[in-house]
Amino acid sequence: GAGASGAGAVAWEQSASPAAASLLTAAAGVTGDLADATRSPVRLGTIDGQTVVEALVGRGGAVPPALSASTRPAPACALGRVLLAFSAPAVVADVLGVAGASERLHRTLRTIRLTRVSVSRSGGASGAVAMPVFGAGGVLLAALALEVADLACGLRGACAALAVATGSLSRQLATTHPAGPSATG
């Protein structure tokens, strides 16, 4: 399925809320273009309660009909960490209380807020990089993550491509989605 990858397959649930469907539809062009330009899968995600919900968009821009919710904790991936870094304090407290947050994780989230970038390693040289997508008034609406085959060689290019895509999507969503799903968190 769209969520099972690598050796650690994760159980997935479907989230087909109107807000999620609207976000998927609005982001289809940007995520498809990013996947095509980088030749790498793109994850569009938001946080729902204590869970990251995401959609995997491949080349050609085929967008799944719903967001998939992972049972792994939000701090376990670049997408989840960037979403936590910009979520409401109550959401962060709920999630980190469940995850058993360390001082190191709190420092990581502060760094992500400063740099607006989250990087995670998948094993070997590969990993993912994620950046936030904001709406009107700087409200967190979502995040985009890009898989990178070799972080040593591809991180700079991935960050540049993500910066363009998240900026474009932020401008687009600021006019069509003034209050995102994470704003209520």
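Refer to the structure printed above.
Anyway, here's the lowdown on the structure attached to this text. Think of each chain on its own: its residues are numbered from 1, step by step along the sequence as written. Local features in a predicted model are, by the rule used here, given only for residues with pLDDT of at least 70; side-chain atom pairs are given and counted only at 80 or more, and totals for whole chains, interfaces and linings are based on all residues. Calculated side-chain values reflect all of the structure's heavy atoms, with hydrogen atoms and water omitted.

## Quick look at the overall build of the protein chain
Counting secondary structure elements, the protein chain contains five helices and seven strands. Helices and strands appear in the protein chain in the N-to-C order β-α-β-β-β-α-α-α-β-β-β-α. Among the 185 residues that make up the protein chain, the fraction classed as buried is 45%. Contact between two residues is taken to exist if any of their heavy atoms lie within 4.5 Å; hydrogens are not considered. Considering only contacts within the protein chain whose residues lie at least 6 apart along the sequence, 61% involve residues at least 24 apart. Note on areas: Shrake-Rupley, 1.4 Å probe, and residue coverage restricted to the protein chains presented here. Carbon and sulfur atoms provide 56% of the accessible area of the protein chain, an area that totals close to 8,700 Å². Secondary structure is summarised from DSSP: a helix means a run of H or I of at least four residues, a strand means a run of E of at least two, and numbering begins at the N terminus for each. The classification of residues rests on relative accessible area computed with a 1.4 Å probe and restricted to protein chains. Under 20% of the type maximum is buried, over 50% is exposed, and intermediate values are partly exposed.

## Here we look at the pairing of strand β3 (residues 51-57)
Of all seven residues in β3, five are buried, a share of seventy percent or more. Each pair of strands is called paired provided DSSP finds at least two bridges between the two strands. The pairing of strand β2 (residues 42-48) with β3 spans seven bridges and is antiparallel. Bridge pairing in β3 links Leu44 to Ala55. Between the antiparallel neighbours β2 and β3 lie two residues, among them Gly49 with a positive phi of about 70°.

## Observations concerning unusual backbone geometry
Phi is mostly negative for residues that are not glycine, and the peptide bonds are mostly trans. In this model, Arg39 sits at a positive phi of 55°, which is unusual for a non-glycine residue. When its relative accessible area of 64% is taken as the criterion, Arg39 is described as exposed. Here the phi dihedral of Arg116 falls at roughly 60°; this positive angle occurs in a residue that is not glycine. Taking the relative accessible area as the measure of exposure, Arg116 reaches 46% and is therefore partly exposed.

## Structural notes on helix α4 (residues 103-115)
Given the number of residues in a helix, its expected span is that number minus one, multiplied by 1.5 Å. Here α4 contains 13 residues, and its C-alpha end-to-end distance of 18 Å stays within 8% of the 18 Å for a straight helix at 1.5 Å per residue. Every buried residue belonging to α4 is among Leu105, Leu109 and Ile112, and all of these are buried. Relative to the axis of α4, the buried residues are bounded by an arc of 60° and lie together on one face. Relative to its buried face, α4 has exposed residues pointing more than 90 degrees away, namely Arg104 and Leu114. Two residues or fewer past α4, Arg116 is found with a positive phi of approximately 60°. Throughout, the arc means that of the directions going from the helix axis to the C-beta atoms.

## Here we look at the environment of Thr111
Within the secondary structure, Thr111 is located in helix α4. By relative accessible area, Thr111 is classed as partly exposed at 43%.

## What to know about the packing of aromatic side chains
By convention, a stacked pair of Phe, Tyr or Trp rings (six-membered ring in the case of Trp) has centres within 6.5 Å and planes under 30 degrees apart, an edge-to-face pair has planes over 60 apart, and any other such pair is tilted. Scanning the model with the defined rule gives one aromatic pair in all. Considering the side-chain rings of Phe86 and Phe134, the 5.2 Å spacing of their centres and the 80° angle between planes classify their relative orientation as edge-to-face. Of this pair, Phe86 sits in the loop between α2 (78-85) and α3 (89-99) while Phe134 sits in strand β6 (residues 126-134), and the two are 48 residues apart along the sequence. Both residues of the pair, Phe86 and Phe134, belong to the buried class.

## Considerations on the pairing of β6
Buried residues dominate β6, accounting for eight of its nine residues. Inspection of the sheet shows strand β5 (residues 118-123) paired to β6 by five bridges, in the antiparallel sense. When the sheet's bridge partners are listed, Ser120 is paired in β6 with Ala128. The antiparallel pairing of β5 with β6 creates a hairpin that spans two residues between the two strands, and Gly124 there sits at a positive phi of about 65°. For β6 and strand β7 (residues 140-148), the ladder comprises eight bridges, and the chain directions are antiparallel.

These figures come from the coordinates and say nothing about function on their own.
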